[in-house]
Amino acid sequence: MAERSFRAEVEDLRLGAGATFTGEGILALTKALLENGVGYVGGYQGAPISHLMDVLADAQDLLAELGVRFEANANEAAAAAMLAASVHYPIRGAVTFKGPVGVNVASDALANLSSSGVTGGALIILGEDYGEGSSIMQERSHAFAMKSQFWLLDPRPNLPSIVRAVDHGFALSEASNSPVMLMVRIRSCHVTGTFTTRDNRRPTLSVREALSAPRSDFARVVLPPMSYVHEQDKVRNRWPAAERYVLDHKLNERFGPQQAPVGIVVQGGMYNGVVRALQRLGLADIYGETQVPLYVLNVTYPLVSSEFLDFAQGKQSLLVVEEGQPEFIEQTLSTFLYRAQGTVRLHGKDMLPMAGEYTGQVLLDGVTAFLKQAAPHLLPAQVRAPNRDAPQIPDLSKTVPVRPPGFCTGCPERPIFAALKLVQKDLGQHQISADIGCHLFGALPPFEVGGATMGYGLGPAANGAFDGGGERRPISIIGDGGFWHNGLSSSFSNMVFNKSDGLAVVVDNYYSAATGGQDVMSSRAENATKATKNPISGAVKGIGIRWVREITNTYDVGHLRDVLREALTTNAPGPKVIVASSECMLNRQRREKPLRQQAIRDGRRVEAPRFGVDEAICTGDHACIRLSGCPSLSLKRLDDPLRDDPVASIDQSCVGCGNCGEVADAAVLCPSFYRADVVHNPTPWERRRAAFRARVIGWLQARRQARRLDFGGAA
């Protein structure tokens, strides 16, 4: 189950011409696709566009009514390959995935697509994940657009601009016979607003209709000599056609006065931040009316020299606001000025940081520095003051504790790493490679298991160099999402083909949990439109792996430890695979908690397990915390003056998974953990029994208290 359902919001996708749509960017994108006659949509979930895939999954009834094919692809390469339908047929198609890692995975298909060119509009919606909110390496998709000549749209982060970008994205693709990338940043995906809707359109030619009249054109196959023709076609025909479309339809925008000594060139996605910086300087209002001319690049590739030079006309200095590095846009604009023998001074990375996210304060500092040098008269007097001190930002590093990411409370992956840590204590440290997914948190304290990760599904392949029969077997960790994304075809086939002797642990939590809880091939849920319940163990056995062990309860730390030790010490040849399965606790709670709360409201009897620590028995060793790391397991100081060290304590966020007790038992730590079943709406017999127990316990406590020495009244 996905982390969020869009069933209610999907109804708004049916709005017709003239209605007002209210929602977030992801929903606006979906509505825009339907309004523009898209014929097929595919993609792979990943921040910040996971919700787009979830919306499409929830809207399948509407898609079917319009004759739109939707496919949740196994990975980004499979999604990009779908766009082959737009190569030979005038069908509009769109795919979506996280950029730039999605672009990296899909690069082979995308490069072929760009070379052959398209007949129908082909749109790649990229969730650009950059800056402090990013979970990936800090790279930009811009370089791939330049390398393969995809036209790159970066619309202003508001709903009308995003919807307009989808409309023109398809049209630009068809006008230039080239695929188009539509980049939506994190803020664009989740910005809320309104726009006026149009009627949804059935595709002019559906994929079903195309099957009745198949087409092919050898001239579009990427093989010599046609691949050489494709390269020339890009430069002589497609590129000029794209520039004409950008100019004719005014895709880039200009704001502010026509004549001024300075101006700012800004990526569309950075527009809001720049206007906010100008507003803080008193040079713009909340509606975007600015005293400094802005040239907003809703199309960041290709850049049109004539349009830029027209904006630069009569200005002495320009500032280029381009987030990330290298400074592709700034370099191109510099070339335009040089070739035109322009005298305008171009600033960019000399005023703004070369790398890193352009936050509000960063943009304010950069714009202020530019205006102080180029047009100080525009700034308020207090800002122009040469000795003006910038506001001090307090250093909170010593006040706010470091909070690294970690497993959720009750996560079934936590005991896997506890067991592995116990095994390494006995057998010694092993070479361990990691993979993309929740299980990557095992590399952090308290487990510190696993190292570098080289890509989604490539955990076992990353250990290929160490799999040569050393003193200890290499271990690799991979999740079920990574297994089906790329792991089976790359990592596990690689292990079989090269007769690996290593161990691969497949962490199976029933979902692609790291991307939002979407179903995968091995999910246990019933899915009306997808094939689930395909066991991972069957897949690895099918490619020739013989030593396979399945664990169906990862919370049994002792059993996990024993199976891991067997895998690392057995004399059996070939790859070893352990499939460790338990349902993602977050998804389980999403499903069970509402049902439990409803049952309690209905007056039905409900038992909820809770765990605790007996303060009188706990020694304060804290080894349980070092082997668990659960957020619900913390420390508590006692009032007893003879107990200096804090004891372990379990707070109210406990979900009753039992991991802490299992770890304590497997590591032979202490018997201080206990389980208590909280009973809601107990039966009359349970109430009487509880009352009787309370009276007996109260009597025993009173008797013990009476026998204690009391020095309270001593003189």
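The structure under discussion appears in the preceding block.
All values derive from a computational prediction rather than experimental measurement. (Residues numbered from 1 in each chain as written. Predicted model: local features only at pLDDT ≥ 70, side-chain atom pairs only at ≥ 80, totals over all residues. Heavy atoms only, no water.)

**A short note on the sheet that holds strand β2 (residues 40-43)**
- The seven strands are arranged β3-β2-β4-β5-β7-β6-β12 in an open sheet whose pairing can be described as mixed. Edge strands, defined here as strands with exactly one partner in the open sheet, are β3 (69-72) and β12 (299-301). Neighbouring strand axes in the sheet, compared pairwise and without regard to direction, differ in orientation by 20° on average.
- One ladder, built from three bridges, connects strand β6 (residues 151-153) with strand β7 (residues 180-185); its direction is parallel. Among the inter-strand pairings, Leu153 is bridged to a residue of β7, identified as Leu182. (Pairing = 2+ DSSP bridges. Helix = DSSP H or I, 4+ residues; strand = E, 2+ residues; numbered from the N terminus. Axes fitted to C-alpha atoms, helices over the stretch in contact; angles between N-to-C directions.)

**Digging into empty space enclosed by the protein**
- Taken as a whole and assessed by the stated rule, the structure comprises four cavities of 30 Å³ or more.
- Of the voids in this model, the largest cavity is the one considered here, and its volume is about 100 Å³.
- Looking at the largest cavity, the residues that line it are Leu153, Pro155, Ser161, Arg164, Ala165, His168, Leu251, Glu253, Asn298 and Val299. (1 Å grid on protein atoms, 1.4 Å probe; cavity = no way out; pocket = protein on both sides within 12 Å on 5 of 7 lines; lining within 4 Å. Points joined across faces, edges and corners; volume = space filled by probe spheres on them.)

**Structural notes on the packing of helix α2 (residues 25-35) against helix α10 (residues 159-176)**
- Close contact between α2 and α10 brings their axes to 9 Å; oriented N to C, the two are set at 35°. Here α2 runs over α10; the crossing is right-handed. Here Gly25, Ala28, Leu29, Ala32, Leu33 and Glu35 of α2 come into contact with α10, specifically with Leu159, Ile162, Val163, Val166 and Phe170.
- Looking at the contact of α2 with α10 residue by residue, the classes come out as nine nonpolar, one polar and one charged. (Left-handed = near helix turned anticlockwise from the far one by under 90°. Contact = heavy atoms within 4.5 Å. Nonpolar A, V, L, I, M, F, W, Y, C, P; charged D, E, K, R; others polar.)

**Section: unusual backbone geometry**
- Put simply, Pro224 and Pro225 share a cis peptide bond, and its omega is 5°.
- Its place among the elements puts Pro225 in the loop between α12 (207-210) and α13 (226-248).
- Pro302 follows Tyr301 through a cis peptide bond whose omega is 5°.
- In this structure, Pro302 sits in the loop between β12 and α15 (305-312).
- In this structure, Gln149 takes a positive phi of about 60° despite not being glycine.
- One can find Gln149 in the loop between α9 (142-148) and β6.
- Its relative accessible area of 12% is what places Gln149 among the buried residues.
- One non-glycine residue, Glu448, adopts positive backbone phi at about 55°.
- Within the element layout of this structure, Glu448 appears in the loop between β15 (432-433) and β16 (475-479).
- Since its relative accessible area comes to 56%, Glu448 is described here as exposed. (Buried < 20%, exposed > 50% of the residue type's maximum accessible area, 1.4 Å probe, protein only.)

**Points about the sheet that holds strand β10 (residues 262-267)**
- Read from one edge to the other, the open sheet built from five strands follows the order β9-β11-β10-β13-β14, with strand pairing classed as mixed. Pairing within the sheet leaves two strands with one partner each, and these edge strands are β9 (253-255) and β14 (345-347). Averaged over all neighbouring strand pairs, the angle between strand axes comes to 20°, with direction disregarded.
- Judged from the three bridges that link them, strand β13 (residues 317-321) and β14 form a sheet pairing that is parallel. The residue bridging Leu318 from the neighbouring strand is Leu346, located in β14.
- Contacting β10, β11 (294-297), β13 and β14, helix α16 (residues 328-339) crosses the sheet at an angle of about 175° to β14.
- Sheet strands in contact with helix α17 (residues 360-374) are β10, β13 and β14, and its direction is about 170° off that of β13.

**Observations concerning the side chain of Thr409**
- Along the chain, Thr409 falls in the loop between α18 (381-384) and α19 (414-427).
- Of the residues examined, Thr409 reaches a relative accessible area of 19% and is grouped as buried.
- Setting aside residues no more than four positions away along its own chain, Thr409 makes contact with Arg414, Met585, Cys630, Pro631, Ser632, Ser653, Cys654 and Val655.

**Concerning helix α22 (residues 557-569)**
- With 13 residues, α22 extends 18 Å from end C-alpha to end C-alpha; this agrees with the ideal 18 Å at 1.5 Å per step.
- Among all positions of α22, only Val557, Gly558, Leu560, Val563, Leu564, Ala567 and Leu568 are buried. (Expected span 1.5 Å × (residues − 1).)

**So, the environment of Thr515**
- Among the structural elements, Thr515 can be located in the loop between β17 (503-508) and α21 (536-542).
- Under the relative-accessibility criterion, Thr515 is labelled buried at 14%.
- For the pair Thr515 and His51, spaced 464 residues apart in the sequence, the C-alpha separation amounts to 9.3 Å.
- Apart from residues no more than four positions distant in its own chain, Thr515 is found in contact with Gln45, Gly46 and Ser50.
- Polar contacts involving the side chain of Thr515 include one to the side chain of Ser512, which spans 2.8 Å. (Polar contact = N/O pair within 3.5 Å; in protein donor to acceptor, adjacent residues only side chain to side chain.)

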